[in-house]
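# Fold and geometry: a report
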Amino acid sequence: MYKSKILGAGHYVPEKIVTNEDLTAMMNTTNEWIVERTGIQERRWYTPGKDTVTSMSKAASEMAMKRAGVTPEEIDFIVFATITSDYFLPGNGVLLQRELPFREIGALDIRNACSGFIYALSVADQFIKTGMYKKILVVGAEIQSSALDKSDEGRSSSVIFADGAGAVVLGASDSEQSGILSTHLHSQGQYAEELYCIAPSSSGKVRVSQEMIDRGDFFLKMNGNAVFKHAVVRFMEVIQEALDHNGLSSEDIDLLIPHQANLRISQYVQKKMGLADEKVFNNIMTRGNTTAATIPIAMSEAWEQGKIKDGDLLCLAAFGSGFAWASAVLRW
Ligand code: UT7
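These numbers were taken from a predicted model, which means no experiment stands behind them.

Looking only at helices and strands, the chain features eleven helices and 13 strands. Scaling as 2.2 N^0.38, a compact globule of 332 residues should have a C-alpha radius of gyration of about 20 Å, and the chain matches this with 19 Å. Of all 332 residues assigned to the chain, the portion counted as buried reaches 54%. Long-range contacts, defined as pairs at least 24 residues apart, comprise 77% of the intrachain contacts of the chain with a sequence gap of at least 6. Looking at the chain as shown, the accessible area adds up to about 14300 Å², and 49% of this sits on carbon and sulfur atoms. Distance between charge centres in the chain, computed from 32 positive and 40 negative side chains, equals 1 Å.

Attention now goes to the sheet that holds strand β6 (residues 135-142). Across the sheet, five strands lie side by side as β1-β7-β6-β4-β5; this open sheet has mixed pairing. Each having just a single partner strand, β1 (3-12) and β5 (106-110) make up the two edges of the open sheet. Across the sheet, the mean angle from the axis of one strand to that of its neighbour is 20°, orientation sign disregarded. Relative to strand β7 (residues 164-173), β1 runs antiparallel, the two being bridged by nine bridges. Bridge pairing in β7 places G10 opposite A167. Its contacts with the sheet place helix α3 (residues 53-68) against β1, β4 (77-81), β6 and β7, and it is angled at close to 125° to β1. In this fold helix α11 (residues 294-304) packs onto β1, β6 and β7, with an angle of close to 90° to the strand it touches most, β1.

For helix α9 (residues 263-273), the full list of buried residues reads L263, I265, S266, V269, Q270 and M273. Projected onto a plane normal to the axis of α9, the buried residues spread over an arc of 165° and lie on a single side. Within α9, the exposed residues directed more than 90 degrees away from the buried face are K271 and K272. Close packing links the buried residues of α9 with α2 (31-38), α8 (224-245), β11 (255-258) and α10 (284-287). The N-terminus of α9 is capped by N262, whose side-chain oxygen sits 2.8 Å from the backbone nitrogen of R264. Two residues or fewer after α9 comes G274, characterised by a positive phi angle close to 65°.

Before going further, it helps to examine α11. For α11, a buried count of nine out of eleven residues is recorded, marking the element as mostly surrounded by other parts of the structure. One or two residues past the end of α11 sits G306, with phi positive at roughly 75°.

A few words on the packing of aromatic side chains. Within this structure, the stated rule accounts for six aromatic pairs. Taken together, a centroid distance of 4.9 Å and an interplanar angle of 15° make the contact between F77 and Y133 stacked. Taken as a pair, F77 in strand β4 and Y133 in the loop between α5 (116-129) and β6 lie far apart in primary sequence, 56 residues in all. For the pair shown, F77 and Y133 are each scored as buried. Taken together, a centroid distance of 5.1 Å and an interplanar angle of 20° make the contact between Y191 and F323 stacked.

Conventions adopted
Residues numbered from 1 in each chain as written. Predicted model: local features only at pLDDT ≥ 70, side-chain atom pairs only at ≥ 80, totals over all residues. Heavy atoms only, no water. Helix = DSSP H or I, 4+ residues; strand = E, 2+ residues; numbered from the N terminus. Rg over C-alpha atoms; globule rule 2.2 N^0.38 Å. Buried < 20%, exposed > 50% of the residue type's maximum accessible area, 1.4 Å probe, protein only. Contact = heavy atoms within 4.5 Å. Areas by Shrake-Rupley, 256 points an atom, 1.4 Å probe, with all protein chains shown as cover. Lys, Arg positive; Asp, Glu negative; His and termini not counted. Charge placed at Lys NZ, Arg CZ, Asp CG, Glu CD. Pairing = 2+ DSSP bridges. Axes fitted to C-alpha atoms, helices over the stretch in contact; angles between N-to-C directions. Arc of directions from axis to C-beta. Polar contact = N/O pair within 3.5 Å; in protein donor to acceptor, adjacent residues only side chain to side chain. Phe/Tyr/Trp six-rings, centres within 6.5 Å; stacked < 30°, edge-to-face > 60°.

Worth remembering: the numbers are spatial, not functional.
See below:
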């Protein structure tokens, strides 16, 4: 059985910086509220006509492949995590496939929102373990800012979500010591409506109507309190599950990269696990919550900043819409 290993990570965030001050011009909010409740100071939003989920993922993938020393021709498969694809169909994986000189490789989309990147990593890991593929591009990319209700009604979610893309190249590892040690995936669909977006919906009379637009069906809707309460419990559980599975304890972790949902969630998990500040990577302060893109963006930035070194034990964990949650433990 082969093991899979991250060979390189890359990211792209849009140029446009949206500060908390900028948001106060759109809705009834304050810099103090946002910083205190979420930790976010600024985030990136796309520029229509310039940034697309495809263009951002292309830039992130190019960076990841360059750092991995791998060319597009060598990639055997694409796994693309997004809930905000450029088209209703086809998925974003194929839209990325035509952007670079890839071969006619398979491209798969994963729609698990905040935990989407870990789900994607897990799927890619299985293909490598079985020997079916040698090099897989795993992407998380989102444009959330076009589906946010920027009125007072939507303010609790529109202040946190943001846009960006991250990617990693996963390759078959020849070392027994490094690579993905485990992934754990969970869901509990009874809570689907705590964080969801109804439209476009295939089961109504039409997929798009003026009535749906007027009702705000295209906006992301979140019961922030409920999501928060479940998140803190599930984060702890799924991290512990991963540690137990590998016979490890929290002291063994060199870097925890939590999904960047809310700085308070990350801090809660850090405190409960007794981890020092340098053992938890957060970039939500300047990047916001980019759903499936938070973990690969964070991984790429942590690596750039020298916070990930060869041999380090990394733990990834995410929770979000579904509810769906997941963890991964890997040795870099
Ligand atoms: O990534 C996917 C998963 N998502 C998450 O994990 C998000 C989890 N949830 C959260 O991060 C937090 O619940 C939020 C940041 C979304 C909201 O923070 P909260 O501390 O749970 O606030 P709340 O919704 O309980 O609202 C508290 C108060 C309310 O006012 P009253 O009723 O106490 O008078 C809200 O109306 O804050 C008000 N409020 C705001 N005030 C200023 C809500 N949003 C805002 C805002 N600016 N943007």
